Amino acid sequence: MPRPILVTGAAGFIGSHLTDRLLSSGLEVIGFDNLSSGSRANLEGAMRNARFRFLEGDLLDLEATTRALGESELVFHLAADPEVRLGAEDPDSHFRQNLKATYNLLEAIRSRRARTRLVFASSSTVYGEPTGIPTPEEYGPLLPISVYGATKLGCEALTTAYTELLPFQVIVFRFANVVGARAKHGVIHDFIMKLQANSHVLEVLGDGSQTKSYMYIDDCVDVFLKPLDAAFWQKPAELYNIGSEDWINVMRIAEIVVESMGLRDVSIRTTQPHGGRAWRGDVGKMQLDIAKIKELGW
């Protein structure tokens with residue numbers, strides 16, 4: 001009988017969409033989340049499914065993590081502190097919720113010593129400010145400029161190291177920005193919240209020239225379904241860039257949000273801290289080379 005799939009961060013933006021898709025595929029899913037950034041409301045549909053079980057808990061609690069892992073042979077690890085810019089003010093949160101949490105999950109897997117496959121949701125921020133754009137997976141050296149990016153890179157290193165210790169495989173997905181329903185952070189959400197509070201003025205952090213790649217949530221979930229195929233697991237460790245083949249600047253996003261909300265006479269104002277960046281650690285330009293994953297049919 002197939003064993004349940006564990007999804008950490010299941011109540012978050014991406015995790016809840018992934019959970020819905022796994023359940024719609026007839027699979028049994030255990031969702032594990034501390035609800036620090038996720039919401040039970042995101043799992044409203046999943047909660048009505050007999051093949052879903054939700055466990056509220058924190059990956060920083062090793063015993064709770066071990067219980068949640070149970071006999072799962074496939075783990076989708078999405079739990080993290082998603083607010084990149086807060087790392088400059090509270091780096092300890094990223095250290096604990098990203099790096100320490102991932103370490104605990106790996107230790108729970110190690111204590112069980114059963115064959116396990118892990119899909120890890122990493123980030124384009126591991127590249128820092130690359131000189132080559134679009135940026136391929138083999139780009140280096142990797143020099144993150146945010147604590148978030150640094151901890152994601154550290155998590156990647158930990159997961160690949162554990163493939164030498166255990167009957168364990170890992171696939172790392174380095175994601176561009178993901179947008180869509182249920183998102184509670186990011187530039188689009190921030191702009192909507194600001195305009196709902198004041199429909200006459202919209203503040204854009206930075207100078208508006210920051211240009212990045214964005215992808216829709218359905219496309220993001222599509223790639224998560226690839227590891228359900230055993231043929232996808234060819235190596236102990238593998239990584240893929242996941243993004244889109246276009247990009248857009250923040251000022252144009254602001255204009256689109258204003259237009260989409262049907263607003264008129266909105267004054268769009270910019271700030272220019274840190275050389276035009278939105279915040280310390282913000283990457284000014286980002287687009288990933290996704291040729292590798294496209295070759296596999298995504």
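Structure: above.
Residues numbered from 1 in each chain as written. Predicted model: local features only at pLDDT ≥ 70, side-chain atom pairs only at ≥ 80, totals over all residues. Heavy atoms only, no water.

J.: What should I look at first to understand the state of the cysteines in this one?
T.: What makes a disulfide is a covalent bond joining the sulfur atoms belonging to two cysteines. A complete count under the given rule lists 0 disulfides for this structure. Free of any disulfide, C155 has its nearest cysteine sulfur in C220, 17 Å distant. In this structure C155 comes out as buried when scored by relative accessible area, which is 1%. (Disulfide = S-S within 2.5 Å. Buried < 20%, exposed > 50% of the residue type's maximum accessible area, 1.4 Å probe, protein only.)

J.: Sorry if this is basic, but what is going on with the pattern of salt bridges here?
T.: Pairing between side chains of opposite charge can happen when their charged atoms approach one another. Evaluated as defined, the whole model comprises 16 salt bridges. One salt bridge connects R96 with D92, and the closest N-O pair in it is separated by 2.6 Å. With R96 and D92 both in helix α4 (residues 91-112) and 4 residues apart, the pair spans about one turn of that helix. Residue classification places D92 among the partly exposed residues on the basis of a relative accessible area of 40%. Close ionic contact of R252 with E255 constitutes a salt bridge, the shortest N to O distance being 3.2 Å. Note that R252 and E255 are positioned in helix α8 (residues 250-260) at a spacing of 3 residues, about one turn of the helix. Overlapping salt bridges bring together R3, E71 and E73 as one network. (Salt bridge = Lys/Arg side-chain N within 4 Å of Asp/Glu carboxyl O. Helix = DSSP H or I, 4+ residues; strand = E, 2+ residues; numbered from the N terminus.)

J.: What am I meant to see in the environment of P82 here?
T.: Mapped onto the fold, P82 is located in the loop between β4 (74-77) and α4. Put simply, P82 and A64 are 18 residues apart on the chain and 22 Å apart in space, counted from C-alpha to C-alpha. Once you skip the residues sitting within four places of it in the chain, P82 turns out to touch S37, Y148 and H185. (Contact = heavy atoms within 4.5 Å.)

J.: What exactly am I supposed to notice about the environment of A80 here?
T.: Here A80 shows up in the loop between β4 and α4. A80 sits 13 residues away from S93 along the chain, and the two C-alpha atoms are 9.4 Å apart. Sequence-distant contacts of A80, defined by excluding residues within four places in its chain, comprise S37, Q97, N98 and K152.

J.: I would appreciate a short explanation of the nonpolar core in the present structure.
T.: If you look at soluble globular proteins, the nonpolar side chains tend to sit buried side by side. If you look at the biggest cluster of nonpolar residues, it comprises 43 residues, and the most contacted ones within it are L18, F76, F173, F175 and F224. Among the elements of the structure, β1 (5-8), α1 (13-24), β3 (52-56), β4, β5 (116-123), β6 (168-175), α7 (217-224) and β11 (237-242) are those that each provide at least two residues to this core. If you tally residues by element for this core, the top one is α7, at 5 residues. Setting aside anything within four residues of it in sequence, one finds F224 in contact with I14, L18, F76, L78, V119, A121, F173 and F175. (Core = buried A, V, L, I, M, F, W, Y, C linked by side-chain atoms within 4.5 Å.)

J.: Could you clarify how one ought to interpret the sheet that holds β11 in this entry?
T.: Whenever strands of a sheet pair, they do so through backbone hydrogen bonds, lying parallel or antiparallel. Across the sheet, 7 strands lie side by side as β3-β2-β1-β4-β5-β6-β11; this open sheet has parallel pairing. The open sheet has two edge strands, β3 and β11, and neither has a second partner. The mean angle between the axes of side-by-side strands here comes to 15 degrees, regardless of whether they run parallel or antiparallel. Bridge count between β6 and β11: 6 bridges; the pairing is parallel. Paired with R174 across the strands is N241, a residue of β11. Contacts from α1 reach β1, β2 (29-33), β3 and β4 within the one sheet, and its direction differs from that of β1 by about 165 degrees. Contacts from α4 reach β1, β4, β5 and β6 within the one sheet, and its direction differs from that of β5 by about 170 degrees. (Pairing = 2+ DSSP bridges. Axes fitted to C-alpha atoms, helices over the stretch in contact; angles between N-to-C directions.)

J.: Is there a simple way to explain α7 in this structure?
T.: It helps to recall that an α-helix has 3.6 residues per turn; residues three or four apart then point in one direction. Buried within α7 are the following residues: I217, C220, V221, V223 and F224. The buried residues of α7 occupy an angular sector of 160 degrees when the element is viewed end-on, so they sit on one face. (Arc of directions from axis to C-beta.)

J.: Explanation requested: the pairing of strand β8 (residues 201-204) in the structure shown.
T.: Looking along a regular strand, one sees side chains alternate from face to face of the sheet. Burial along β8 is one-sided: the residues L202 and V204 are buried and none of V201 and E203 is. Both β8 and strand β13 (residues 267-270) contribute to a ladder of 4 bridges, which runs parallel. Note on β13: the bridge partner recorded for V201 is S267.

J.: What is the right way to look at the packing of α4 against helix α5 (residues 147-162) in this model?
T.: At a minimum axis distance of 9 Å, the contact between α4 and α5 shows a crossing angle of 10 degrees. With respect to α5, the element α4 is oriented roughly parallel. Facing α4, whose interface residues are P91, H94, F95, N98, L99, T102, Y103, L106, E107 and R110, α5 presents V147, Y148, T151, G154, C155, L158, T159 and Y162. A per-class count over the contact of α4 with α5 returns 10 nonpolar, 6 polar and 2 charged. (Parallel < 35°, antiparallel > 145°, perpendicular 65-115°, else oblique. Nonpolar A, V, L, I, M, F, W, Y, C, P; charged D, E, K, R; others polar.)

J.: Explain the pairing of β1 to me, please; I cannot follow it from the model alone.
T.: Here β1 shows a buried face lined by I5 and V7 and a second buried face lined by L6 and T8. In the sheet, β1 pairs with β2 via 4 bridges, with the strands oriented parallel. By the bridge assignment for β2, I5 is matched with V29. Running through α1, the crossover from β1 to the neighbouring parallel element β2 is right-handed. As defined by bridge partners, β1 adjoins β4 across 3 bridges and the pair is classed as parallel. Considered in β4, the bridge of T8 is made with H77. (Right-handed = clockwise from strand over helix to strand, strands pointing away.)

Nothing here speaks to function; it is geometry throughout.
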